[in-house]
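Descriptive structure summary
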Amino acid sequence: MDADVTILGAGIAGLAAAVACTRASRSVEVIEQAPALTEVGAGLQIAPNGMRVLRALGIEVPGIDSQAVHLIDGPSGRSLVRMPLGPGFRLVHRADLIEALARKLDGVTLTLRAQVTQIEGDADLVFDDGTRRSARRLIGADGVRGASRGFVAPDHPQRFTGQVAWRALVPVDGWPPEAQVHVGPGRHMVLYPLRDGRLLNIVAVEERSAWTAAGWSQTDDPSNLRRAFDGYAAPIRELLSRVETVNLWGLMDHGALPRWTRGACTLIGDAAHPTLPFLAQGANLALEDAWALARMVEDPAAYERARRDRVTRALAAAAGNARSYHLTGVPKMAAHAVLRAVGRVSPGALLRRYDWLYGFDPTA
Ligand SMILES: Cc1cc2nc3c(=O)[nH]c(=O)nc-3n(C[C@H](O)[C@H](O)[C@H](O)COP(=O)(O)OP(=O)(O)OC[C@H]3O[C@@H](n4cnc5c(N)ncnc54)[C@H](O)[C@@H]3O)c2cc1C
């Protein structure tokens, strides 16, 4: 038991917590099962609430400043409303964010290839090679399938949402600096550019009655993605014809765990509250958690009080978005008419309902 704080997991939550704790003059060790800090995966939309944390940590992450969220009717390709964004929305590659965080790990002891299989007692870590170690203070940042979540809330249920998400990247010849949401009955697709605008991030969601795969993430045949969106407009079909590899997620709804602390272990990020991707807030909330817990690591009850209501509200808002994206029939026609009307008069009004989310400064 050496470091003041032991962090399990070197994803966005864990790395941000490590940087924030060292800045609060604590000694930190990070334990990660992966052999290297290389993040596969694709894009992330970082919103002003998450960007404020990165800025306060002195982290500059390369990316594209997003100008708008553009809702488009997927089957017809017709624009519904283009909602302009203020400053502070950035489209980033996950690998670039992980790298930017990792560059700030001065003085942090990082142990890779170390999988924790179980946590016992107050915060005693059991590793896959059979060794054990006690942590003085443990931050569980090991995500939705990690060990710390099972320690803090062993019987917390999860529910298949009836939705799956494909994620893919395709090269493009330049793309507007905006996130496009192509909505349609039972499915929607989010598109946004990454890096120099020559890579397009695709997240495509479809409703399904069942999810039977053993894991929650797997590769899939791109033709399944193409088939799911074959009723969409020609430019989308053309885009999907160029997808070569694709990952498929079964989207699970866990809600926020009923408690985030047990013994000396406190959860942050997806370990505490896995977030559906329909509001693009999972990583943003993880950054907020990391900042908050680094300041309250000796008083986890205060951290939980400070965070729980906000997190619960964000989770509910994300779940609500999925329903409104997938409307059919008369409700869809009515909703689209409203969107077009509001878009003509005051396109920014629709985003103002999220002022509580994006306007929040976790570092204030
Ligand atoms: C389709 C999709 C799109 C998304 N888009 C967005 C978006 O645009 N914006 C946004 O903000 N969020 C988005 N998210 C959510 C976001 O990706 C997650 O909320 C975020 O990555 C969670 O970070 P984390 O660090 O808490 O967990 P993770 O990223 O899961 O990191 C956990 C780390 O812990 C390690 N680990 C796990 N178990 C162990 C163990 N037993 N021992 C040692 N190490 C372990 C793992 O290897 C990993 O490195 C999206 C999610 C999905 C599925």
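Up top you'll find the structure we're talking about.
In this report, we go over the structure that sits alongside the text. (Residues numbered from 1 in each chain as written. Predicted model: local features only at pLDDT ≥ 70, side-chain atom pairs only at ≥ 80, totals over all residues. Heavy atoms only, no water.)

1. Observations concerning the overall build of the chain
- Looking only at helices and strands, the chain features 11 helices and 20 strands.
- Relative to the globule expectation of 21 Å for 364 residues, the C-alpha radius of gyration of the chain, 21 Å, shows essentially globular dimensions.
- Approximately 15500 Å² of the chain is accessible, and the part contributed by carbon and sulfur atoms is 51%.
- Taking the 41 positively charged and 38 negatively charged side chains of the chain as two groups, their mean positions are separated by 6 Å. (Helix = DSSP H or I, 4+ residues; strand = E, 2+ residues; numbered from the N terminus. Rg over C-alpha atoms; globule rule 2.2 N^0.38 Å. Areas by Shrake-Rupley, 256 points an atom, 1.4 Å probe, with all protein chains shown as cover. Lys, Arg positive; Asp, Glu negative; His and termini not counted. Charge placed at Lys NZ, Arg CZ, Asp CG, Glu CD.)

2. Points about the nonpolar core
- Judged by nonpolar contacts, the single largest core of 102 residues is most densely connected at I7, L54, L97, I139 and I268.
- Not counting chain neighbours up to four residues away, the residues in contact with I139 comprise V5, T6, I7, L8, A17, C21, T266, I268, L293 and V297.
- Membership of the second largest hydrophobic core comes to 22 residues, among which are A228, I236, V246 and M252. (Core = buried A, V, L, I, M, F, W, Y, C linked by side-chain atoms within 4.5 Å. Buried < 20%, exposed > 50% of the residue type's maximum accessible area, 1.4 Å probe, protein only. Contact = heavy atoms within 4.5 Å.)

3. Concerning the sheet that holds strand β11 (residues 132-134)
- Read from one edge of the open sheet, 3 strands run β9-β10-β11, paired in antiparallel fashion. Bordering the open sheet on either side are β9 (116-120) and β11, each of which pairs with just one other strand. Recorded for the sheet is a direction-independent mean angle of 25° between the axes of neighbouring strands.
- As paired strands, strand β10 (residues 124-127) and β11 are joined by 3 bridges and run antiparallel to one another. Bridge pairing links V126 to R132 in β11. (Pairing = 2+ DSSP bridges. Axes fitted to C-alpha atoms, helices over the stretch in contact; angles between N-to-C directions.)

4. Remarks on the sheet that holds strand β4 (residues 64-65)
- The strand order across the open sheet formed by 3 strands is β3-β7-β4, and the pairing between neighbours is antiparallel. Because the sheet does not close on itself, it has two edges, and the strands there are β3 (43-46) and β4.
- Pairing of β4 with strand β7 (residues 90-93), which is carried by 2 bridges, proceeds in the antiparallel orientation. The partner of I64 across the bridge, within β7, is L91.
- Seen against the sheet, helix α3 (residues 94-102) touches β3 and β7 and runs at an angle of roughly 85° to β7.

5. With respect to helix α1 (residues 12-23)
- Its 12 residues place the ends of α1 17 Å apart at the C-alpha level, agreeing with the 16 Å of an ideal helix rising 1.5 Å per residue.
- Most of α1 is tucked away: 10 of the 12 residues are buried.
- Among the residues of α1, those classed as buried are I12, A13, G14, L15, A16, A17, A18, V19, A20 and C21.
- Elements that come into contact with the buried residues of α1 comprise β1 (5-8), β2 (28-31), β3, α3, β12 (138-140) and α7 (282-295).
- Of the residues trailing α1, S25 is marked for its positive phi of about 65°. (Expected span 1.5 Å × (residues − 1).)

6. Considering the pattern of salt bridges
- Under the defined criterion, the tally for this structure stands at 18 salt bridges.
- Ionic pairing is found between D65 and R90, a salt bridge with its closest N-O pair at 3.0 Å. Of this pair, D65 sits in strand β4 while R90 sits in strand β7, and the two are 25 residues apart along the sequence.
- Using a relative accessible area of 14% as the deciding quantity, one classes R90 as buried.
- One salt bridge in this structure joins K332 and D73, with 3.3 Å as the shortest N-O distance. Of the two residues, K332 sits in helix α9 (residues 329-345) while D73 sits in strand β5 (residues 68-73), which places them 259 residues apart along the sequence. Across this residue pair, the class does not change: K332 and D73 are buried. (Salt bridge = Lys/Arg side-chain N within 4 Å of Asp/Glu carboxyl O.)

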